[in-house]
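One-letter residues, chain by chain:
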Amino acid sequence: MPRKIRPRKCACGCGAMTRGGDFLPGHDARTLSAVISSVGGVAALRTLVENALKRRIEVETE
Ligand SMILES: [Zn+2]
């Protein structure tokens, strides 16, 4: 049975409706870029998230 499609507002803030996901195609990447820029880079974002979660984020190094 197909999952019921429940349109909702795109989480990027563009105001468009999705077909059930959080974002329209490509808008998740745009949002991620904006989030990274807003804190000054990936390292700063990692620190912020680690502080919020109160734990280290493990990164695969292989
Ligand atoms: Zn959007």
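All residue numbers refer to position in the chain's written sequence, counted from 1. This being a predicted model, a pLDDT of at least 70 is required before a residue's local features are given, and a value of 80 or more before pairs of side-chain atoms are given or counted; all residues contribute to the totals for chains, interfaces and linings.

A. Seen up close, the packing of helix H1 (residues 27-39) against helix H2 (residues 42-53). Helix axes use the C-alpha atoms of the stretch in contact, all axes being lines fitted to C-alpha atoms, and the angles between their N-to-C directions lie in the range 0 to 180 degrees. Secondary structure is summarised from DSSP: a helix means a run of H or I of at least four residues, a strand means a run of E of at least two, and numbering begins at the N terminus for each. Running from N to C, H1 and H2 point in directions that differ by 85°, and their axes come no closer than 7 Å. With respect to H2, the axis of H1 lies roughly perpendicular. Residues Val35, Ile36 and Val39 of H1 pack against Val42, Ala44, Leu45 and Leu48 of H2. Reported orientations rely on four angle classes, namely roughly parallel under 35 degrees, roughly antiparallel over 145, roughly perpendicular from 65 to 115, and oblique for the rest. C-beta atoms are placed from the backbone for every residue, and two residues are taken to be in contact when these atoms lie within 7 Å.

B. View of H1. Expected helix span is computed as 1.5 Å times (number of residues minus one). Its 13 residues place the ends of H1 19 Å apart at the C-alpha level, agreeing with the 18 Å of an ideal helix rising 1.5 Å per residue. One or two steps after H1, the chain reaches Gly40, where phi turns positive at roughly 95°.

C. Local environment of H2. Between the first and last C-alpha of H2 there are 16 Å, a value that for twelve residues agrees with the 16 Å anticipated at 1.5 Å per step. Buried residues are scarce in H2, accounting for zero of its twelve residues. The exposure label follows from counting other C-beta atoms within 10 Å of a residue's C-beta, where the C-beta atoms are placed from the backbone and the thresholds are 20 or more for buried and 12 or fewer for exposed, leaving partly exposed in between.

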